[in-house]
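Residue-level structure breakdown
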Amino acid sequence: MDAESFKKEFLPYHRKLYLVAYKLLENAADAEDLIQEAYLKL
């Protein structure tokens, strides 16, 4: 996957994913780490 595809397919959902992670973890830093790990696996 190239950078442009990633930007078009995943970044529009970043905020929503972060909010879900934050609600589950109740910690901003942990939510950011979780989202970052998910993006790395993609």
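Please refer to the structure placed before this passage.
**Some thoughts on the pattern of salt bridges**
- Tallying each qualifying case throughout the model produces one salt bridge.
- Residue Lys7 pairs with Glu4 through a salt bridge whose shortest N-O separation is 3.9 Å. In this pair, Lys7 and Glu4 both sit in helix α1 (residues 3-9), three residues apart, roughly one turn of the helix.

**Let's talk about the nonpolar core**
- Of all hydrophobic cores here, the largest spans five residues; its members are Tyr18, Ala21, Ala31, Ile35 and Tyr39.
- Contributing elements (two or more residues each) for this core: α2 (14-25) and α3 (28-41).
- Per-element accounting of this core gives the leading share, three residues, to α3.
- Contact partners of Tyr18, with chain neighbours within four places excluded, come to Ala28, Ala31, Glu32 and Ile35.

Definitions and cut-offs
Residues numbered from 1 in each chain as written. Predicted model: local features only at pLDDT ≥ 70, side-chain atom pairs only at ≥ 80, totals over all residues. Heavy atoms only, no water. Salt bridge = Lys/Arg side-chain N within 4 Å of Asp/Glu carboxyl O. Helix = DSSP H or I, 4+ residues; strand = E, 2+ residues; numbered from the N terminus. Core = buried A, V, L, I, M, F, W, Y, C linked by side-chain atoms within 4.5 Å. Buried < 20%, exposed > 50% of the residue type's maximum accessible area, 1.4 Å probe, protein only. Contact = heavy atoms within 4.5 Å.

In short, shape yes, function no, at least from these values alone.
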